[in-house]
Amino acid sequence: MLQTTFATRTAKMQSNAIREILKVVNRPGMVSLAGGIPAPESFPLELMQELTATVLQKYGATALQYDATEGFSPLREALVAYLADKHVTASAEQTLIFSGSQGVLDALGKILISPGDLIAVEAPTYVGALSAFNPYEPEYVQIATDDQGIIPAALEAVLQKHTIKYIYLVPTFQNPTGRTIPLDRRQAIAAIIQEHNVLLVEDDPYSDLRYQGTALPPIKHFAPDHVVYVSTLSKTFAPGLRIGFCVAPPDIHRWLVIAKQGVDLHTSTFNQALAAEYLIGGYLQLQLPKILAIYQPRQQAMLAALDRYMPASFQWTQPEGGMFLWLEGPAGLDTEEAYWRAVEKNVAFVPGKFFFAEPGTGNATMRLNYTMASEEKIDWAVRTLAEVIAESTV
Ligand SMILES: Cc1ncc(COP(=O)(O)O)c(C=O)c1O
């Protein structure tokens, strides 16, 4: 039998604990509030035929050929207006296309993290980012949060105490909490990172999924030289196409290109051409209201069901968009224990403790996703969950 000796870095690449416990989620009859993926009915299936024809007609063999590592020019050009609408000023040359925003996160880890470097993350944070960074063997420090995301004074304290390689934040409709950092905090965070001359990785996959309220400029807008802005078309077009992108300060931009060259040479030319035509043709603006019309009633159904069924000892976020709600139960509750009993009754969610970089926190928290189930199923699932929880909290 082959005895394989794996690289020492694999010690840090443990299989994602969430993946392990969610293995039961695909059982027939399960209503999963655990996923983090877009509803398949939100994809512009019919439009894809038209876009495919346009791409073949307009770009011909070019759409099937190798292309520049930086990205397919028409897509980079189309992103300029898209980003400007978000108050991110970037020329086409300043954009970089990656295979999903996950591709950007991996490349950033590769070019920035030496073993033992400290990365500052929200408590809780997006676990997929930790999976991207972990192979490069960083350590993590958590920044305390409240209902409005990270607390600027807590960030300041972390930066006073530690040498931080970079900060990783999801400021809008965060995964897992749904929280959004308000304008004054964005400005305060921008001022702090400029003063400490530290890099921020701003991950923004959800800001287009806004159901109400006013759009906020990203932190990149307030501190352009100190922020890598990362985004994706996964939630607003189709995640399977793997189209992510970033705008980085020049020296980081240069290294990102070198790193990407060694990974996949470039992101699929054909998929980038589809994405370019989606933006150029104004289809994103047409599709977004359709996506929001699917998600908003589901979010409302979940919020109403929580009001109706959840014990008074619970609190939850009330986001103006995104895909997730975050629940916090009474101290002493173990939502992982509740998870297994909920699964027996065909309801799945993600226990919140898995979203913390430092173990031992968040035992009474949970993430609920509302994009994948109908309003009726959401109501039933939350009622069932509340019954399970009530058994744990008596
Ligand atoms: C915060 C965050 N960043 C990045 C990603 C990855 O997205 P992509 O499909 O662009 O790789 C996700 C996906 O759920 C996410 O929630």
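Since this is a predicted model, take the numbers as computed values, not measurements.

### Some points on the overall build of the protein
Here's step 1: Within the protein one finds 13 helices and 15 strands.
Here's step 2: Against the compact-globule benchmark of 21 Å for 394 residues, the protein has a radius of gyration of 21 Å, which places it among compact chains.
Here's step 3: Expressed as lengths along the three principal axes of its C-alpha atoms, the size of the protein is roughly 65 × 60 × 50 Å.
Here's step 4: Relative to its 394 residues, the protein shows a buried fraction of 57%.
Here's step 5: A fraction of 75% describes how many contacts in the protein between residues 6 or more apart in sequence connect residues 24 or more apart.
Here's step 6: In the form shown here, the protein has an accessible surface area of approximately 17,000 Å², with 54% of it arising from carbon and sulfur atoms.

### Some points on the sheet that holds strand S15 (residues 365–369)
Here's step 1: Read from one edge to the other, the open sheet built from four strands follows the order S11-S12-S15-S14, with strand pairing classed as antiparallel. Each end of this open sheet is capped by a strand with a single partner; those strands are strand S11 (315–316) and strand S14 (350–351).
Here's step 2: Where strand S12 (residues 324–328) lies against S15, five bridges are found, and the strand directions are antiparallel. By the bridge assignment, Leu327 is partnered in S15 with Met366.

### Overview of the site of the ligand
Here's step 1: Around the ligand sit 14 residues in total, of which Ser101, Asp203, Tyr206, Thr232 and Ser234 are the nearest.
Here's step 2: Gln102 places a polar main-chain atom, nitrogen or oxygen, 3.0 Å from an oxygen atom of the ligand.
Here's step 3: Ser234 places a polar side-chain atom, nitrogen or oxygen, 2.6 Å from an oxygen atom of the ligand.
Here's step 4: Taking 400 Å² as the accessible area of the ligand by itself, protein coverage stands at 92%.
Here's step 5: The site holding the ligand turns out to be the largest pocket.
Here's step 6: With three residues, the single largest contributor to the shell around the ligand is helix H4 (residues 100–112).
Here's step 7: Its residues assigned to classes, the shell around the ligand comprises five nonpolar, six polar and three charged.

### Quick notes on the layout of surface pockets
Here's step 1: Within this model, the largest pocket holds a volume of roughly 1,100 Å³.
Here's step 2: Lining the largest pocket are 37 residues, and of these Arg19, Gly35, Gly36, Ile37 and Tyr126 lie nearest its centre.
Here's step 3: Contributions of two or more residues to the lining of the largest pocket are made by helix H1 (17–21), strand S1 (31–32), H4 and helix H5 (127–133).
Here's step 4: The residue makeup of the lining of the largest pocket, split by class, is 19 nonpolar, 12 polar and six charged.

### A closer look at the environment of Asp203
Here's step 1: Tracing the chain through its elements places Asp203 in strand S8 (residues 199–203).
Here's step 2: With 99 residues separating them along the chain, Asp203 and Val104 place their C-alpha atoms 9.7 Å apart.
Here's step 3: Among all residues touching Asp203, those that are not within four sequence positions of it are Ser101, Leu105, Tyr126, Tyr168, Leu169, Val170, Pro171 and Val230.
Here's step 4: Polar contacts involving the side chain of Asp203 include one to the side chain of Tyr168, which spans 2.6 Å.

### Some thoughts on the sheet that holds strand S7 (residues 166–169)
Here's step 1: Read across the open sheet, the seven strands follow the order S2-S10-S9-S8-S7-S3-S4; overall the sheet is mixed. In the strand order of this sheet, the two ends are held by strand S2 (95–99) and strand S4 (139–143), each with one partner. Averaged over all pairs of adjacent strands, the angle between strand axes in this sheet comes to 25 degrees, irrespective of strand direction.
Here's step 2: Pairing of strand S9 (residues 227–232) with strand S10 (residues 243–247) involves four bridges; the strand directions are antiparallel. Directly across from Ser231, in S10, lies its bridge partner Phe245.
Here's step 3: Across the face of the sheet, helix H6 (residues 152–161) comes into contact with strand S3 (118–122), S4 and S7 while running at roughly 145 degrees to S4.

### Brief notes about the side chain of Lys220
Here's step 1: Within the element layout of this structure, Lys220 appears in helix H8 (residues 219–222).
Here's step 2: Comment: no salt bridge for buried Lys220; closest opposite-charge side chain is Asp225, at 6.6 Å.
Here's step 3: For Lys220, the side chain forms a polar contact with the main-chain oxygen of Pro224, separated by 2.9 Å.
Here's step 4: Among the polar contacts listed, one links the side chain of Lys220 to the backbone oxygen of Val247, at a separation of 3.5 Å.
Here's step 5: Leave out the neighbours within four places in its chain, and Lys220 touches Val88, Glu202, Val227, Tyr229, Val247, Ala248 and Pro249.

### A word on empty space enclosed by the protein
Here's step 1: Within the structure shown, the criterion is met by two cavities of 30 Å³ or more.
Here's step 2: A volume near 40 Å³ is recorded for the largest cavity.
Here's step 3: Lining the largest cavity, in full, are Glu122, Ala123, Pro124, Thr145, Gly149, Val170, Gln174, Thr177, Arg179 and Ile181.
Here's step 4: Looking at the lining of the largest cavity residue by residue, the classes come out as four nonpolar, four polar and two charged.
Here's step 5: Of the volumes computed, that of the second largest cavity is approximately 30 Å³.

The rules behind each value
- Residues numbered from 1 in each chain as written.
- Predicted model: local features only at pLDDT ≥ 70, side-chain atom pairs only at ≥ 80, totals over all residues.
- Heavy atoms only, no water.
- Helix = DSSP H or I, 4+ residues; strand = E, 2+ residues; numbered from the N terminus.
- Rg over C-alpha atoms; globule rule 2.2 N^0.38 Å.
- Buried < 20%, exposed > 50% of the residue type's maximum accessible area, 1.4 Å probe, protein only.
- Contact = heavy atoms within 4.5 Å.
- Areas by Shrake-Rupley, 256 points an atom, 1.4 Å probe, with all protein chains shown as cover.
- Pairing = 2+ DSSP bridges.
- Near = heavy atom within 4 Å.
- Polar contact = N/O pair within 3.5 Å; in protein donor to acceptor, adjacent residues only side chain to side chain.
- 1 Å grid on protein atoms, 1.4 Å probe; cavity = no way out; pocket = protein on both sides within 12 Å on 5 of 7 lines; lining within 4 Å.
- Sits in = over half its atoms within 2 Å of the grid points.
- Nonpolar A, V, L, I, M, F, W, Y, C, P; charged D, E, K, R; others polar.
- Points joined across faces, edges and corners; volume = space filled by probe spheres on them.
- Axes fitted to C-alpha atoms, helices over the stretch in contact; angles between N-to-C directions.
- Lys, Arg positive; Asp, Glu negative; His and termini not counted.
- Salt bridge = Lys/Arg side-chain N within 4 Å of Asp/Glu carboxyl O.

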